[in-house]
Amino acid sequence: IRALSTSREGWYVFSAPFNELACVPLTARYHFTDLFLSNAKNVLIMSATIGDADVFTAELGIRDFQSRAVPHPYPPVMRTIYDLKAPKIGQKATPADYEEQARLIATAIKRDADPSWSGVILTTRKQEAHDLAARLARNGLERRVFSSREMGTDNIVSAWHRQRSKVPNSIFVTHALWEGYDGTDEKICVVTKVPYAYLGDPY
C-alpha cells in the first residue's frame, strides 16, 4: 500500500483467485530508492547480469553512483557451447526422443569430457530429472549419475556436495540450480531444455 501511494504509475493490476486484487510493479524505478536507499549511506549492488550500468541505474532511479565491471576470468573462446543435436523435447516428444537425448548426453560426457570432471545437467521438472538420471545410468554413467528428491534449494545443494565428496566426478541431474548457484568445481553443464516463461501471461 505504501508503494501504491508513492506512485500511481507503472502497475499491472489484475484480479487474483479468491477475490483478491493483485498489483505488480512494471518497473522498479518508482520504488527502489524508497525501499533500499532511504536509510543507507552506501549501497553495493553486484550481479553477473546487470549489463550496462548506466541503463541499469537509470531504471532504478539512481543518479549518483560509481560502477566497476570485472571481466570474466574465462573469455568466451574458453567457454565453448556444444549443440548435441538432440531431439526437441516438447509436448510431442516420444519415448524414443527421450532415449536418444540421454544417449547423446552420455556419449558426449564419456567421449569429450575429462573422466575426472563433475557437472550438472539441468532439466525443467523434478520428474524429468529422475527419469533422465535413470536413462543416463543405462547409458554407462551409472556410477557417476546422481539426482536428489531433497526439497528446497539449500537441501538440494547440500545433497549434491555430499555426493560429490563421495564420488568426485559425479554428474548431478536436477531441476534446480538454474539461478544463483556458484558452481566453482563443476566443469560440465548440460541444458536439456531452456525454461522459457509462459508466453500467454499478459504481465
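Keep in mind it's a predicted model, so treat the numbers as computed, not measured.

(A) Quick peek at the side chain of threonine 57. The residue threonine 57 is located in helix α3 (residues 53–60) in this model. A polar contact is formed between the side chain of threonine 57 and the backbone oxygen of aspartate 54, at a distance of 3.2 Å. Once residues within four sequence positions are removed from consideration, threonine 57 is found in contact with Ile62 and Phe65.

(B) Up close: the nonpolar core. The biggest cluster of nonpolar side chains holds 16 residues, and the ones touching the most others in it are Ile105, Ile109, Ile121, Leu132, Leu136 and Val173. Elements represented by at least two residues in this core include exactly α4 (95–112), α5 (126–141), β5 (171–174) and β6 (188–191). When residues in this core are grouped by element, the largest group, five residues, is from α5. Residues within four places of isoleucine 109 in sequence aside, it is in contact with Ile121, Leu141, Arg144, Ile171 and Ile188. Core analysis: the second largest hydrophobic core is formed by 10 residues, Phe146, Val157, Ala159 and Ala176 among them.

(C) Summary view of the side chain of glutamate 186. By the secondary structure assignment, glutamate 186 is in the loop between β5 and β6. Taking relative accessible area as the criterion, glutamate 186 reaches 13% and is therefore assigned buried. A polar contact of 2.5 Å, which involves the side chain of glutamate 186, links it to the side chain of arginine 164. Aside from chain neighbours lying at most four places away, what touches glutamate 186 is Ser118, Gly119, Val120, Trp160, Arg164 and Tyr181.

(D) View of the packing of aromatic side chains. The full count for this structure, using the stated rule, is five aromatic pairs. Here phenylalanine 146 and phenylalanine 172 contribute two aromatic rings whose centre-to-centre distance is 5.2 Å and whose plane-to-plane angle is 40 degrees, an arrangement assigned as tilted. In this pair, phenylalanine 146 is assigned in strand β4 (residues 145–146) and phenylalanine 172 in strand β5, connecting sequence segments 26 residues apart. Just as phenylalanine 146 is buried, phenylalanine 172 falls in that class too. Residues tryptophan 160 and phenylalanine 172 carry aromatic rings whose centres are separated by 5.1 Å and whose planes lie at 15 degrees to one another, so their mutual orientation is stacked. A residue pair is termed long-range when its members are at least 10 positions apart, and tryptophan 160 in helix α6 (residues 153–166) and phenylalanine 172 in strand β5 qualify at 12 residues. With relative accessibility at 0%, the residue tryptophan 160 sits in the buried group. Each residue in the set Phe146, Trp160 and Phe172 is aromatic and connected to the rest through ring pairs, giving one cluster.

Rules and cut-offs
Each chain has its residues counted from 1, running along the sequence as written. pLDDT decides what is reported in this predicted model: residues at 70 or higher carry local features, side-chain atom pairs at 80 or more are listed and counted, and totals for whole chains, interfaces and linings draw on all residues regardless. Working from all heavy atoms in the structure, the side-chain values ignore hydrogens and water. The way it works is that DSSP assigns letters per residue, a run of H or I at least four long becomes a helix, a run of E at least two long becomes a strand, and they are numbered from the N terminus. Within 3.5 Å is the distance limit for a polar contact, defined as a pair of N or O atoms, with the added protein rule that one can donate a hydrogen and the other accept it, and that residues adjacent in sequence qualify only through two side-chain atoms. We call two residues contacting when some pair of their heavy atoms lies within 4.5 Å. Buried residues of nine kinds, namely Ala, Val, Leu, Ile, Met, Phe, Trp, Tyr and Cys, make up a nonpolar core once their side-chain atoms join them within 4.5 Å. A simple rule labels every residue: compare its accessible area, found with a 1.4 Å probe on the protein chains alone, to the largest value its type can have, and call it buried under 20%, exposed over 50%, or partly exposed in between. A pair of aromatic rings is counted whenever rings of Phe, Tyr or Trp (Trp by its six-membered ring) have centres within 6.5 Å, and the orientation is called stacked for planes under 30 degrees apart, edge-to-face for over 60 and tilted otherwise.

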